[in-house]
Amino acid sequence: MTAIPRDTAFDSTLALLRDGYEFISRRCDRFGTDIFATRIMLRRAVCLRGAAAAEMFYGSECFTRQGAMPWTTLRLLQGKRSVQQLEGPAHRRRKAMFPSLLREQEKLESMRRLFTQEWLRALESWKARDEIVLFDEAQLVLTRAACAWAGIPTELHDPEKLCREFSAMIENAGSVGPATLRALLLRKRTERWARSLIRRVRPGDLVLPGTAPLRIVAEHRDADRKLLDVSSAAVEVINLLRPIVAVARYIMFAAMALRDRPEWREQFAAGDERHLETFAEEVRRAYPFFPLVGGRAVKAFEWQGYRFREGEWVMLDLYGTNHDARRFHAPDRFDPERQISWTTQGFDFIPQGGGEAELTHRCPGEAFTVELTKQAIRLLTQGMSYEVPEQDLTLDLSRIPARPKSGFVMRDVRPISHASKPIMRTRLLPDQRISAAIREQRQHSRLARNGNGGRHERQCHKHRYDGCAGAARKIGRKERLPADQCDQPLAPWRECRPRQDRGRQAHVARLLHPSPLGDLLGPAL
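In short, a report on the structure. (Residues numbered from 1 in each chain as written. Predicted model: local features only at pLDDT ≥ 70, side-chain atom pairs only at ≥ 80, totals over all residues. Heavy atoms only, no water.)

1. Focus on the sheet that holds strand β3 (residues 63–64)
As summarised here, the arrangement of the five strands in space is β1-β2-β8-β5-β3, forming an open sheet in which the pairing is mixed. At either margin of the open sheet sits one strand with a lone partner, and together these are β1 (35–40) and β3. Alignment of β1 against strand β2 (residues 43–48), held across six bridges, turns out to be antiparallel. Residue pairing in the sheet places threonine 38 in a bridge with alanine 45 of β2. Packed onto the sheet, helix α2 (residues 23–31) meets β1, β2, β5 (292–297) and β8 (313–317) and runs at close to 130 degrees relative to β1. Contacts from helix α3 (residues 51–59) reach β2, β3, β5 and β8 within the one sheet, and its direction differs from that of β8 by about 130 degrees. (Pairing = 2+ DSSP bridges. Helix = DSSP H or I, 4+ residues; strand = E, 2+ residues; numbered from the N terminus. Contact = heavy atoms within 4.5 Å. Axes fitted to C-alpha atoms, helices over the stretch in contact; angles between N-to-C directions.)

2. With respect to the nonpolar core
Ranked by size, the top nonpolar core spans 96 residues in total, and within it Phe115, Trp119, Trp149 and Phe408 carry the most contacts. Here this core gets 20 residues from one element, more than from any other, and that element is helix α12 (residues 230–260). Contact partners of phenylalanine 115, with chain neighbours within four places excluded, come to Val141, Leu142, Ala145, Ile251, Leu372, Gln375, Ala376 and Leu379. (Core = buried A, V, L, I, M, F, W, Y, C linked by side-chain atoms within 4.5 Å. Buried < 20%, exposed > 50% of the residue type's maximum accessible area, 1.4 Å probe, protein only.)

3. Description of empty space enclosed by the protein
Unoccupied space between atoms shows up once a probe the size of one water molecule is rolled over them. Counted under the stated rule, the structure contains one cavity of 30 Å³ or more. As a volume, the largest cavity reaches approximately 50 Å³. Around the largest cavity, the lining residues are Tyr21, Arg284, Arg285, Tyr287, Pro288, Phe289, Phe290, Leu318, Tyr319, Asn322 and Pro351. Contributions of two or more residues to the lining of the largest cavity are made by α14 (276–286) and α15 (318–322). For the lining of the largest cavity, the class distribution of residues is eight nonpolar, one polar and two charged. (1 Å grid on protein atoms, 1.4 Å probe; cavity = no way out; pocket = protein on both sides within 12 Å on 5 of 7 lines; lining within 4 Å. Points joined across faces, edges and corners; volume = space filled by probe spheres on them. Nonpolar A, V, L, I, M, F, W, Y, C, P; charged D, E, K, R; others polar.)

4. Side note on the packing of aromatic side chains
Inspection of the entire model under this criterion finds 19 aromatic pairs. With 6.2 Å between their ring centres and 50 degrees between their planes, tryptophan 264 and phenylalanine 279 make a pair best called tilted. Of this pair, tryptophan 264 sits in helix α13 (residues 262–269) while phenylalanine 279 is found in helix α14, placing the two residues 15 residues apart along the sequence. Phenylalanine 279 carries the same exposure label as tryptophan 264, and that label is buried. Lying over the aromatic face of phenylalanine 31, arginine 30 brings its terminal NZ or CZ to 5.9 Å of the ring centre. (Phe/Tyr/Trp six-rings, centres within 6.5 Å; stacked < 30°, edge-to-face > 60°. Lys NZ or Arg CZ within 6 Å of the ring centre and 35° of its normal.)

5. Here's the deal with the state of the cysteines
Counted under the stated rule, the structure contains zero disulfides. Left without a disulfide partner, cysteine 28 is nearest to the cysteine sulfur of cysteine 47, which lies 7.4 Å away. Of the residues examined, cysteine 28 reaches a relative accessible area of 1% and is grouped as buried. The thiol sulfur of cysteine 163 is not disulfide-bonded, and the nearest other cysteine sulfur, from cysteine 147, lies at 9.8 Å. With a relative accessible area of 7%, cysteine 163 lands in the buried category. (Disulfide = S-S within 2.5 Å.)

The structure is reproduced here in structure tokens:
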């Protein structure tokens, strides 16, 4: 029998809060093993990492979720008497309801259509605003789409309020403090709303098609062939809607990946979707969602020579397993060509759990997650143009769940026709500037041939002024000022879009490649 390596710290609660997503992996690397024991909140916990550990955790019936996570996390993300708290036949019976809702092609197509409609409707309002926060807007779009998909009439819910409630549940699931207390109170309000829906559906006051997800949940019968009590049914309605809203995180991360990798953005914008799904899957692998999952051993057992006692608290590292260098070469590098997929992958790719979703506690909504992320990428690259201003997009991995503070700010959002190629204007890296200048000049040449030559569009998006770098004079949006009359200082790349004019060619080159080489490139462009 091999002794489980122990962390020398008396208690690692503060270290967990400090290291966040990297807590387990750092110690596994230090000990040279995929297992170690420590104390969390003065209780013994065994931490695991890797595909073999995930297979043991999800592939056996040795663990229960009951008593395996802080009560605040449980209440915010799962709720009392939810499917995640069940085991054995009771769990399998209720869990069978979710794959039928979240994997059927008809349900998937309906959700994708509603999501697209809500996104395009929101896009009409985004174009009238100076800037938007993509994370916040995506959550609202998903809330509207999820309620419509579930069959909830518009007069029976307030999307903005419901979105705030769902967001609070997710944002505060990994923390403790006043914000968590507020999120718990908002959760109670959401549960009251969901109970009112169940009470309307069951007697027929709210008439819904038999295929409506809300009706399916309301009429579900557990293993005892009895209807769920109203509170449990309400919890499952929330468990159906909240994870859909949580996909906004992956949409934000996808936008970040597109910003940092313009070659992929251009490929998708041109309609080449060969790697679209693997791009979405790589977003799920590379970016942080939830760091770990907990379980308690329902019986004593052995695994790889290690002895687990009955009642042992175990934590599996999801983030570390998805970044395991033994499975993923250069795991911190974003690479859609890894060709990973939730449909074929084993226990080494577990952003939302592992094993058979019908039998284990793996999330049954991965098909929804991937399809919604793919559709969002299409809309970001083929359905709209926008600017990405300077902002802090750093991911603090000590924050659970992690996300950039800015939420990904976008400016000058505009819908585009499907026949047009979208442009996301952002600050380019030095090695990208020359080719970008050439592409920009070619675009300007085409505009010139179409009768727009010799003109310089002057527009400051921050202040809605037409002018380079903050002109003091506001003129009509459709007016143009000849280039030889432009006496404003050179604008940053995101604020200056010169048209075809030989006198402005060096101006373009200096903006994109600020060095003496820019002056030489100007006449050659």
